[in-house]
2 protein chains.
Amino acid sequence: MKTGSFNELLPYLDRYMALGTAMSIMDWDANTAAPEEASEYTAKVLGILSQERFCTLINPSVKEIMGRIDEESLSDKEKAIFKKLKKEYEKSETIPADEMREFGELCSRANRVWQKAKQENDFSIYAPYLKKLIAYKKKFATYAKKGEEKLYDILLDEYEETFGMKELDRFFGKLKAEIIPLLKRISEAEEIDDSFFYQDYEIEKQKEWNHFLAEYMGFDFKRGVIAESEHPFTTSWHNHDVRITTHYYKNNLTSAILSTIHEGGHALYEQGVDDSLTQTMVGEGASCAMHESQSRFYENSLGRSEEFWVPLYPKLVETFPKQLMDVPLEKFVCALNKVKADFIRTEADELTYCLHIMVRYEMEKLMIEEDTPVEELPELWKQKYKEYLGIVPENDTQGILQDVHWSMGDIGYFPSYALGNAFAAQIYNTMKKDLPVEELLRQGKISVITEYLREHIHQYGASKEPRQLLKDLTGEEFNPDYYIQYLKEKFEKVYHL
Amino acid sequence: MKTGSFNELLPYLDRYMALGTAMSIMDWDANTAAPEEASEYTAKVLGILSQERFCTLINPSVKEIMGRIDEESLSDKEKAIFKKLKKEYEKSETIPADEMREFGELCSRANRVWQKAKQENDFSIYAPYLKKLIAYKKKFATYAKKGEEKLYDILLDEYEETFGMKELDRFFGKLKAEIIPLLKRISEAEEIDDSFFYQDYEIEKQKEWNHFLAEYMGFDFKRGVIAESEHPFTTSWHNHDVRITTHYYKNNLTSAILSTIHEGGHALYEQGVDDSLTQTMVGEGASCAMHESQSRFYENSLGRSEEFWVPLYPKLVETFPKQLMDVPLEKFVCALNKVKADFIRTEADELTYCLHIMVRYEMEKLMIEEDTPVEELPELWKQKYKEYLGIVPENDTQGILQDVHWSMGDIGYFPSYALGNAFAAQIYNTMKKDLPVEELLRQGKISVITEYLREHIHQYGASKEPRQLLKDLTGEEFNPDYYIQYLKEKFEKVYHL
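These numbers come from a predicted model, not from an experiment. (Residues numbered from 1 in each chain as written. Chains lettered and ligands numbered in written order. Predicted model: local features only at pLDDT ≥ 70, side-chain atom pairs only at ≥ 80, totals over all residues. Heavy atoms only, no water.)

**Things to note about the interface of chain A and chain B**
Turning to step 1, where the next piece is worked out: Counting residues at the interface gives 39 residues for chain A, matched by 38 residues for chain B.
Turning to step 2, where the next piece is worked out: The largest per-residue losses of area from chain A upon contact with chain B belong to E37, Y41 and K222 of chain A, which jointly make up 19% of the total buried on that side.
Turning to step 3, where the next piece is worked out: The interface formed by chain A and chain B includes 8 salt bridges.
Turning to step 4, where the next piece is worked out: Joining chain A to chain B, the criterion identifies 14 residue pairs in polar contact (both at pLDDT 80 or more).
Turning to step 5, where the next piece is worked out: The set of elements that each furnish at least two residues to the side of chain A that touches chain B consists of α1 (10-32), α2 (39-57), β1 (224-228), β2 (234-238) and β3 (241-246) of chain A.
Turning to step 6, where the next piece is worked out: Of the residues forming the side of chain A that touches chain B, the biggest block, 11 residues, is contributed by α1 of chain A.
Turning to step 7, where the next piece is worked out: Residues that form the side of chain A that touches chain B fall into these classes: 18 nonpolar, 8 polar and 13 charged. (Contact = heavy atoms within 4.5 Å. Buried area = accessible area lost by both parts, 1.4 Å probe. Salt bridge = Lys/Arg side-chain N within 4 Å of Asp/Glu carboxyl O. Polar contact = N/O pair within 3.5 Å; in protein donor to acceptor, adjacent residues only side chain to side chain. Helix = DSSP H or I, 4+ residues; strand = E, 2+ residues; numbered from the N terminus. Nonpolar A, V, L, I, M, F, W, Y, C, P; charged D, E, K, R; others polar.)

Written out as structure tokens, the structure is:
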């Protein structure tokens, strides 16, 4: 007879949530506002909070209560939380609190050093930190290992449950077989002119425009904030405070626009989580990949379509008349879909994007499964870019130093970007049967589309698993073929192949 | 034989510090960035953290360790921390953790409602919150009461140790006797023209100028941030991250300038605390009044002097040529020292400032000692302004709703502003014997003055008590006569009396 009640867990879950929120706010602050020399001292605070948070969940009292709870007696919401708690518990139970604290401090420092290394194109100052980060991640994975599991599979599972190397190798294999030849055909086609994107676009006006754009998308400014940071990101303390950042470049109009739409997609997801779930362990997006499916759906499927721009483009021309007066809508949208192998993932076109991810996936396999020395990674990065994209970055700032993820201890995260694209294509395929998407966009009724996603995905937060969300919405299991089909159809049309 | 070691306390002190830092960051964020609808949800987080922080310090393990520590064996720094810990302990030990948590949540909500009430000039929506805040403060004071102590003395002691009603009544009595007659004589003298302060001053340019001014003062932007908020304030997570806010008004040049100098004075204090003390319980300013002595010294004794402006004024004229071209330095400085009874404390001139504080001191006595109903407070506020300053605020926004303090649960804080002024005058009196202050200012060498304050005050943080700092620097006990003498000499000169 199990005598435990779910309510006994609430004080622990609340503290865990509160400490997590505090850490997120400090992280947001570090990336948007904090002064240069604060990091060492603030890292100490983050390290302590990280350990506190860990101990709040991983302790004998929680374990004892969990042991007394009869899962069958729980409500659906409680079940979902309990499941997540158990997973979190199993995963972390093996990590000593001291090591977790050291790791938290290391991440905070590594992130600062990475910023400097990127700025100064100096991988060597970052290398010792990356080396330590890899060692920690491998050690943590080893602690969690059961039987014959591969360490990288364990890390992947942390970000996207049940999607391991076997499924990813197949997925990337398909992409490789279909997309590299398509990219080759495109590189032989006539180049699209997008030079007008790179004129002088006053930053203050860009800010205003992006603010307007976020509002148009449905980003609720009463429950959110937009700021600036080196690398755009989204963070959420609860469904009433969701924050995105962007980065403005004077000579690049679309970089900020596309990142606003992308992060805006993440934000709509978080703002759309049901009130009954927010501030619980299932009060956020279902997974990295499901999150990415939303951001990339807005960015690519909607944001790079002609219909999306029908109601918006006149206002953009009005804001930048000198630069865009002679650019018709069709030309603008065509340029948004220009394919060109280039170095920076976040600026990549929709087609080559997955190849950027593939490079990172393979790099992570090398780090974790092959023990490749950190010093060799920059060169390997360049080789892979040559092989898949046909280009070689001139320096590490444009190469291995471009992404923030590893510096924050996130190894195994990148593949979820590619999975997200695939989820998005599968969802879009069904949505088109249910809604006149293109017509709605033309009429400026993007809110109907967001409402559809809210109903089928956003509101559930993480109370349903990604595979379940996909199945409930599309009626079938995860199927990456929709993504490949979507890419081929779209870009054969764009390039008249 | 006492067997305890101070090091046993460190994990608890570190956690206490870390949670306090997190709460400060969230508070900063709430006042500078957070979206409108976030507060209810974020209040929940703050409430939990506040309780966590409380329990980190107030628990049987800490008490047990403290009981085993031989104070005589401690280093000076440890002694200072231990003393502060004991006081904190005694004060808080009596407050149940649940009540502390409720109080934390109440403050967060009350602060939001106060903002709205002030904006909409509607005391009635704020009144129930203020009533609850007073009730909590009285209850907490009652818990701490020993023998015949008055509740308000207990609250006062929380902000400025050992300065109770008896000393304050005497202090304000002296001010009343000397300053009200002086104010009367000034009101009969010829009015100073300061109309040029209230022209149109572009906000972007004001921001640039105030940024420059803070830098000139010695505010270290590598260890600090300036932002904007409704009510200017300073906050510090450690000596490497100190933040100030200001508020810009298009038709008021000096409001932002004087608040930058004022908050800059607070910030120099915090940035000047020694590295060995930061992130400990004595790693911040010695007390509210000592803090205020520094901010008001920079704002008034330096910032309103002609010598201060000698190196700066040409640049200000350069920034606002149209507005200031015809205003000579002497006229500018004379206008900075204009005395005019007005409604807003933070905009008050140096002479009437202490009368604003006197009103609040008497209001707090009514709230705590006389049980005056909250509903009657706005009217009493008006009566006191009439009696002391000869003016009656037209509405509550300009009256009782103007200050943030009560809404954050700070009742008993205001008197330390007046004490701070008195500390400043006493310190200035000694400093002038040690340094050629006016000559240094003329030469733009304000850093020498800051260095002097750093040496005698800032570096010690709270490891020395205010009375001790004063005595070590000036060679005598606290003596408010210097303040009254300073005010009389200065304003008789300004007004040629």
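Once you've had a look at it, read on.
**Comments concerning helix α11 (residues 288-302) of chain B**
Turning to step 1, where the next piece is worked out: With 15 residues, α11 of chain B extends 20 Å between its outermost C-alpha atoms, agreeing within 8% with the 21 Å of an ideal straight helix rising 1.5 Å per residue.
Turning to step 2, where the next piece is worked out: Counted residue by residue, α11 of chain B has 15 buried out of 15 residues, so it is predominantly covered. (Expected span 1.5 Å × (residues − 1). Buried < 20%, exposed > 50% of the residue type's maximum accessible area, 1.4 Å probe, protein only.)

**Focus: the packing of helix α18 (residues 415-434) of chain B against helix α21 (residues 466-474) of chain B**
Residue and element names in this part refer to chain B.
Turning to step 1, where the next piece is worked out: Between α18 and α21, whose axes approach to 9 Å, the crossing angle comes to 20°. It follows from the interaxial angle that α18 and α21 lie roughly parallel. In this structure, α18 meets α21 at a crossing whose hand is left-handed. Judged by residue contacts, F423, Q426, I427 and T430 of α18 engage P466, L470, L473 and T474 from α21.
Turning to step 2, where the next piece is worked out: Grouping the constituent residues of the contact of α18 with α21 by class yields 5 nonpolar, 3 polar and no charged. (Axes fitted to C-alpha atoms, helices over the stretch in contact; angles between N-to-C directions. Parallel < 35°, antiparallel > 145°, perpendicular 65-115°, else oblique. Left-handed = near helix turned anticlockwise from the far one by under 90°.)

**Topic: the nonpolar core**
Turning to step 1, where the next piece is worked out: Ranked by size, the top nonpolar core spans 119 residues in total, and within it F308, W309, L316, F332, W406 and I449 of chain B carry the most contacts.
Turning to step 2, where the next piece is worked out: Here F308 of chain B is in contact with L213, Y216, I261, L302, G303, L441 and I446 of chain B, once residues within four sequence places are set aside.
Turning to step 3, where the next piece is worked out: Within the second largest apolar cluster, 117 residues are counted, among which are I179, F308, F414 and Y486 of chain A. (Core = buried A, V, L, I, M, F, W, Y, C linked by side-chain atoms within 4.5 Å.)

**Description of the environment of I154 of chain B**
All names here are of chain B.
Turning to step 1, where the next piece is worked out: Tracing the sequence through the fold places I154 in helix α7 (residues 151-159).
Turning to step 2, where the next piece is worked out: Note: C-alpha distance between I154 and A144 (10 residues apart in sequence) is 7.6 Å.
Turning to step 3, where the next piece is worked out: The contacts of I154, once residues within four sequence positions are left out, are A141, A144, K145 and E149.

**With respect to the sheet that holds strand β2 (residues 234-238) of chain B**
Residues and elements named next belong to chain B.
Turning to step 1, where the next piece is worked out: One open sheet accounts for 3 strands, arranged β1-β3-β2; its pairing is mixed. Because the sheet does not close on itself, it has two edges, and the strands there are β1 (224-228) and β2. Here the average twist between neighbouring strands, direction ignored, is 20°.
Turning to step 2, where the next piece is worked out: With 4 bridges joining them, β2 and strand β3 (residues 241-246) adopt antiparallel strand pairing. Bridge pairing links T234 to I244 in β3.
Turning to step 3, where the next piece is worked out: Docked against the sheet, helix α1 (residues 10-32) engages β1, β2 and β3, running at close to 145° with respect to β2.
Turning to step 4, where the next piece is worked out: In this fold helix α10 (residues 253-271) packs onto β1, β2 and β3, with an angle of close to 165° to the strand it touches most, β3. (Pairing = 2+ DSSP bridges.)

**Quick notes on the relation of the copies chain A and chain B**
Turning to step 1, where the next piece is worked out: The two copies are related by a screw motion: chain A maps onto chain B through a turn of 180° and a shift of 0.0 Å along the axis, at an RMSD of 0.0 Å. Accordingly, the operation relating the two chain copies is best matched by a two-fold axis. Among all residues of chain A, the one whose C-alpha sits closest to the rotation axis is A22 of chain A, at a distance of 2.9 Å.
Turning to step 2, where the next piece is worked out: Residue by residue, 97% of the interface of chain A is reproduced at the interface of chain B, so both copies engage with the same surface. (Least-squares fit on C-alpha atoms with pLDDT ≥ 70 in both.)

**What about the side chain of T42 of chain A?**
Turning to step 1, where the next piece is worked out: Relative to the helices and strands, T42 of chain A is located in helix α2.
Turning to step 2, where the next piece is worked out: Judged by relative accessible area, which is 12%, T42 of chain A ranks as buried.
Turning to step 3, where the next piece is worked out: In this structure, T42 of chain A is in contact with M26 of chain A together with W237 and H238 of chain B, ignoring residues within four places of it in sequence.

**A closer look at the environment of E36 of chain B**
Turning to step 1, where the next piece is worked out: Counting through the fold element by element, E36 of chain B comes out in the loop between α1 and α2 (39-57).
Turning to step 2, where the next piece is worked out: Sequence separation between E36 of chain B and Q206 of chain B is 170 residues; the distance between their C-alpha atoms is 26 Å.
Turning to step 3, where the next piece is worked out: Excluding anything up to four places from it in sequence, E36 of chain B contacts K222 of chain A together with R112 of chain B.

**Here we look at the pattern of salt bridges**
Side chains that carry opposite charge are capable of pairing whenever their charged atoms lie near each other.
Turning to step 1, where the next piece is worked out: Enumeration over the complete set of coordinates arrives at 89 salt bridges over all chains.
Turning to step 2, where the next piece is worked out: Here E191 of chain A makes a salt bridge to K338 of chain A, at a shortest N to O gap of 3.1 Å. Here the residue E191 of chain A occupies a position in the loop between α8 (165-188) and α9 (203-217), and K338 of chain A occupies one in the loop between α15 (329-336) and α16 (353-369), the gap between them amounting to 147 residues.
Turning to step 3, where the next piece is worked out: Ionic pairing is found between E350 of chain B and K490 of chain B, a salt bridge with its closest N-O pair at 2.7 Å. Of this pair, E350 of chain B sits in the loop between α15 (329-336) and α16 (353-369) while K490 of chain B sits in helix α22 (residues 481-494); the two residues are 140 residues apart in sequence, bridging distant segments of the chain.
Turning to step 4, where the next piece is worked out: Residue class for E350 of chain B comes out buried when judged on its relative accessible area of 5%.
Turning to step 5, where the next piece is worked out: A cluster of three or more residues bridged by salt bridges with shared partners is formed by E292, R296, E299 and R304 of chain A.

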